[in-house]
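Notes for the structure review
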Amino acid sequence: MRASSVPQPEPAQENAPRRRTVLAGAAAVTAAAALPLAAPAVAAARPRKSQPHRWRTAAIGGTGFVTGILFHPAVRGLAYARTDIGGAYRWDDGRARWTALTDHLGWDDWNLLGVEAMAVDPAHPDRLYLALGTYAQSWAGPGAVLRSEDRGASWVRTDLTVRLGANEDGRGAGERLLVDPRDSETLWLGTRHDGLLRSTDRGATWAADTSFPAAASASGQGVTLLVAAGRTVYAGWGDGGTALYRTAAAGGWEPVPGQPPAGTASSKVPIRAAYDAGTRALYVSYANGPGPNNQTDGSVHRLDTVTGTWTDVTPVAPAASDAFGYGGVAVDANRPGTVVVSTNNRWGPVDTLFRSTDGGANWTSLKDSAVLDASETPYLRWGGETPKFGWWIQAVAVDPYDSRHIVYGTGATIFGTRDLVRWAPEIRGLEESAVRQLIAPPSGARLLSGLGDIGVMYHESLTASPSRGMASNPVFGTATGLALATLKPSYVVRTGWPSGGAAGAYSRDGGASWQPFAAQPELAASAPGPVAVSADGATLLWSFIHWDGTKYAAHRSADGGATWAEVATFPKGGTPVADPLDPARFYVYDTDTGTVFRSTDRGATFTPGAGRLPSGDVQFRIAAAPGRSGDLWLSAKDHGLLRSVDGGLTFTAVAGCQASHALGFGRSAGKGRGGYPAVFQTGRVLATHDDVAVLRSDDAGRTWVRINDDSHRWGWTGEVITGDPRVHGRVYLGTNGRGIQYADPE
């Protein structure tokens, strides 16, 4: 699975009401009853409920796995793309960019941002169908099917009773959703654990097709693909035994005669299939696992649907020294016998596309003559000089109106060509980052971001991909920490999962360039966690958490990372927070015990402050208000929002706020620098809106205004949010698969 952030479920409570029905007063009283005594909170006045904002997506360019690409066979320039955690998109050919289609999905629908499959109707060009569901595990909700009559501009939704797995193994297979070629009212949906579903009312209702012969498994891949070949529907099966079925003339389903043996590793799991109407041939790609990882064998086979003859047309057979599977397959609608297939998980020679113009008798590797231009998205160089042709290539498509226009999805982008030689990302508008940290500095970069899978970015512009690409020296995978010295903002530190080098680094020019720490604790390579830097940049605190959740002691450096010492009194695995004004002060919230710990000796020792606070959730977090010492805000999810003005000794519930998930600060609304910073959060304030929303307060939490709308919700947004210290009202919001969203008041 991709490195996404998954919202942690709330502890189960008997007879617990739904989140949006909890009374404001009850929530405030419950929270206050468990807190150390402090001055009573000011009662919340009823504010203006919302303020229109112009929302945009900061440009990076992809950054995530594009699992499917589908050209409409009857409309020039119309295409769709799906992603594993970031929704679906429609290609705008005139603007040469993608338009997001699922940003309207809200907080409670976070599990629907992963798109398991998509389908178009060749006879009805405006119809589009999406099968949604990110995880098929018991802790995730059931999936849903969206259907549109206007190419995704608006939707009608049907909730399913089964779960789908768009961010699980096999997510690049497909498509698992199909409009029946004999009847536009009939749709088929292949599931992982619940067999084959059928709808006879264009997706409004669904029922299991009991005639489908394969037995569903609670842990298998189930139906991996559905494809139409003339008036016949073919279904791939990924759980052993017969791997390919087709609709029978007499009704029901039957195994396809003569198919490659499923007991052979190279043809165990059917991944993709494409039908060449000109030659009436069906091409099927296979691997020994669903992918995108752990495939070591595979093949490509062609079925003559007229004679029933199968032919092995594998371009290159995998070997022990060159192990990989096959992934995407596409045919050229204008040139019968022309087919393109992709390798997958080929980490040695690197994955490629093979193209044949004679039905698979001969193949050419398009990578061998490719000229790659990643100048529009420099991060694709991955800290090196040149980009790779790709990896995790399981989605390939040939434009039915332009034989030389081929596109393919990778684990980070969509590459396209118009001449079979020059390739460049066709990715504008498609942003799929899972955002972990955001800092809007007072000068220099517009924004610094820490991201899942692709480390840290320095955004000198919000409308162009960062020119420096990924922060290098060293290159990280997922960023785990990003911090700025508030009294010396040119000094920035970052931590993350190393790509063969150090797990921590510092910058003296605001994040434009980096140097690795001279040394690091032994834990750093296997358990890098969040980091904090004192206001003057003299002290570093680094916490350590293994990927499995195991927490370790934090370490401290007073010499810029040259030496480190364990801090025994720091709660293991906690997130350190530096005081914005006092270099001697640090804070950490122990989510295990519900206690804030404080340091007044530059992080050398910590002592307990306020206790009996909400506990049991690692996503509870504190934030320090800029320009003030000891002014702390605690986001405790459905326990509400709490504030301390005495450095964490006592906390008071912020009245009227029923839930707070992520919180940050921006420029004050007042003239000059004397006003209180604007406070931004993703939370729930019933006086403003009845669900989790993006909110701003210009009066220190007394009143709130909603600043997003029902078209801009992006599923789960509980990781990070911040304002801009230079522009009042500007907000930056981290999503879990839709990149960095930012907005200004209209």
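Focus: the overall build of the protein chain
Secondary structure assignment for the protein chain yields 1 helix and 56 strands. What you see for the protein chain is a C-alpha radius of gyration of 27 Å, in line with the 27 Å of a compact globule of 746 residues. Across its three principal directions, the C-alpha atoms of the protein chain cover 85 × 55 × 45 Å. Burial statistics for the protein chain: of 746 residues in total, 60% are counted as buried. Counted over contacts in the protein chain with a minimum sequence separation of 6, partners at least 24 positions apart contribute 53%. By element, 50% of the accessible surface of the protein chain is carried by carbon and sulfur atoms, the whole surface being about 26,700 Å².

Let's talk about the confidence of the model for the protein chain
The predicted coordinates ought not to be read in detail in places where the model reports low pLDDT. Averaged over the protein chain, the pLDDT score is 93; the fraction of residues at 70 or greater is 93%. The model gives residues 9–47 a pLDDT under 50, and that stretch makes 61 contacts with residues more than four places away or in other chains.

So, the pattern of salt bridges
Scanning all chains against the criterion turns up 31 salt bridges. Note that arginine 127 and glutamate 149 form a salt bridge whose closest N and O atoms lie 3.5 Å from each other. You can see arginine 127 sitting in strand S7 (residues 124–132) and its partner glutamate 149 sitting in the loop between strand S8 (144–148) and strand S9 (156–159), a full 22 residues away along the chain. Residue classification places arginine 127 among the buried positions, given a relative accessible area of 11%. Using a relative accessible area of 44% as the deciding quantity, one classes glutamate 149 as partly exposed. A salt bridge links lysine 551 to aspartate 592, with the shortest nitrogen-to-oxygen separation between them at 3.1 Å. Of the two residues, lysine 551 is situated in strand S40 (residues 551–557) and aspartate 592 in the loop between strand S43 (586–590) and strand S44 (595–599); the sequence distance between them amounts to 41 residues. Owing to a relative accessible area of 23%, lysine 551 belongs among the partly exposed residues under this scheme.

With respect to the packing of aromatic side chains
As enumerated under the stated definition, the model contains 27 aromatic pairs in all. Where phenylalanine 324 meets tyrosine 326, the ring centres are 5.4 Å apart and the plane angle is 70°; that geometry is what we call edge-to-face. Take phenylalanine 324: its relative accessible area is 0%, and that puts it in the buried class. We classify tyrosine 326 as buried; its relative accessible area is 0%. Plain terms: the ring middles of tryptophan 542 and phenylalanine 544 are 5.0 Å apart, the flat faces sit at 35° to each other, and that makes the pair tilted. Judged by its relative accessible area of 0%, tryptophan 542 falls in the buried class. A network of ring pairs unites the aromatic residues Tyr491, Tyr506, Phe517, Trp542, Phe544 and Trp564 as a single cluster. Of note, arginine 346 hangs over the ring of phenylalanine 324, and the distance from its end group to the ring centre comes to 4.6 Å.

Here's the deal with the sheet that holds strand S52 (residues 693–697)
Overall, antiparallel pairing links the 4 strands, which are arranged S50-S51-S52-S53 in an open sheet. Edge positions in the open sheet fall to strand S50 (659–666) and strand S53 (705–706), since each of these has one partner strand only.

Concerning the sheet that holds strand S31 (residues 435–439)
What the 3 strands build is an open sheet, ordered S31-S32-S33; its pairing is antiparallel. Of all strands in the sheet, those with a lone pairing partner are S31 and strand S33 (455–459), marking the two edges. Strand-to-strand twist of the sheet, defined as the mean angle between neighbouring strand axes without regard to direction, takes the value 20°. Note: S31 against strand S32 (residues 447–451), 4 bridges, orientation antiparallel. Bridge pairing in S32 places leucine 438 opposite serine 449.

What to know about the nonpolar core
One finds Leu353, Tyr379, Val396, Ile406, Tyr408 and Trp423 to be the most contacted residues of the largest nonpolar core, which totals 36 residues. Breaking this core down by element, the ones donating at least two residues are strand S27 (395–398), strand S28 (406–409), S31, S32 and strand S56 (740–745). Judged by nonpolar contacts, the second largest core, of 17 residues, contains Tyr80, Leu112, Leu113 and Leu132.

Points about the environment of arginine 346
Tracing the chain through its elements places arginine 346 in the loop between strand S23 (339–344) and strand S24 (353–356). It is 9.6 Å that separates the C-alpha atoms of arginine 346 and glycine 390, two residues lying 44 residues apart in sequence. When sequence neighbours within four positions are dropped, the list of residues in contact with arginine 346 reads Val316, Asp322, Ala323, Phe324, Asp351, Thr352 and Phe354. A polar atom in the side chain of arginine 346 sits 2.6 Å from the side chain of aspartate 322.

Digging into the side chain of serine 668
On the secondary structure map, serine 668 appears in the loop between S50 and strand S51 (678–684). Judged by its relative accessible area of 12%, serine 668 falls in the buried class. Among the polar contacts made by the side chain of serine 668, one reaches the main-chain amide nitrogen of glycine 670 at a distance of 3.0 Å. A polar contact of 3.2 Å, which involves the side chain of serine 668, links it to the backbone oxygen of tyrosine 676. Discounting residues that sit within four places of it in the chain, serine 668 has contacts with Gly675, Tyr676, Pro677, Ala678 and His728.

A short note on the pairing of S50
For S50, the buried fraction is high: 8 of the 8 residues fall into the buried class. In terms of strand pairing, S50 meets S51 through 7 bridges, oriented antiparallel. Across the sheet, residue glycine 664 finds its bridge partner in S51, namely phenylalanine 680.

Section: the environment of isoleucine 454
Here isoleucine 454 lies in the loop between S32 and S33. Taking the C-alpha atoms as reference points, isoleucine 454 and alanine 624, 170 residues apart in sequence, are found 27 Å from one another. Apart from residues no more than four positions distant in its own chain, isoleucine 454 is found in contact with Thr63, Tyr379, Trp382, Ser433, Met470, Phe476 and Gly477.

Side note on the environment of glycine 328
Position of glycine 328 relative to the elements: it lies in strand S22 (residues 325–331). Residues in contact with glycine 328, not counting those within four places in the same chain, are Arg272, Val340, Val341, Ser342, Ile393, Gln394, Ala395 and Val396.

A word on the pairing of S43
Counting buried residues along S43, 5 of its 5 residues qualify, which places the element largely inside the surrounding structure. Bridge count for strand S42 (residues 576–578) against S43 is 3 bridges, and the pairing is antiparallel. From the neighbouring strand, proline 576 faces S43, where its bridge partner is valine 588. As paired elements, S43 and S44 share 5 bridges and run antiparallel to each other.

About the cut-offs
Residues numbered from 1 in each chain as written. Predicted model: local features only at pLDDT ≥ 70, side-chain atom pairs only at ≥ 80, totals over all residues. Heavy atoms only, no water. Helix = DSSP H or I, 4+ residues; strand = E, 2+ residues; numbered from the N terminus. Rg over C-alpha atoms; globule rule 2.2 N^0.38 Å. Buried < 20%, exposed > 50% of the residue type's maximum accessible area, 1.4 Å probe, protein only. Contact = heavy atoms within 4.5 Å. Areas by Shrake-Rupley, 256 points an atom, 1.4 Å probe, with all protein chains shown as cover. pLDDT = per-residue confidence, 0-100. Salt bridge = Lys/Arg side-chain N within 4 Å of Asp/Glu carboxyl O. Phe/Tyr/Trp six-rings, centres within 6.5 Å; stacked < 30°, edge-to-face > 60°. Lys NZ or Arg CZ within 6 Å of the ring centre and 35° of its normal. Pairing = 2+ DSSP bridges. Axes fitted to C-alpha atoms, helices over the stretch in contact; angles between N-to-C directions. Core = buried A, V, L, I, M, F, W, Y, C linked by side-chain atoms within 4.5 Å. Polar contact = N/O pair within 3.5 Å; in protein donor to acceptor, adjacent residues only side chain to side chain.

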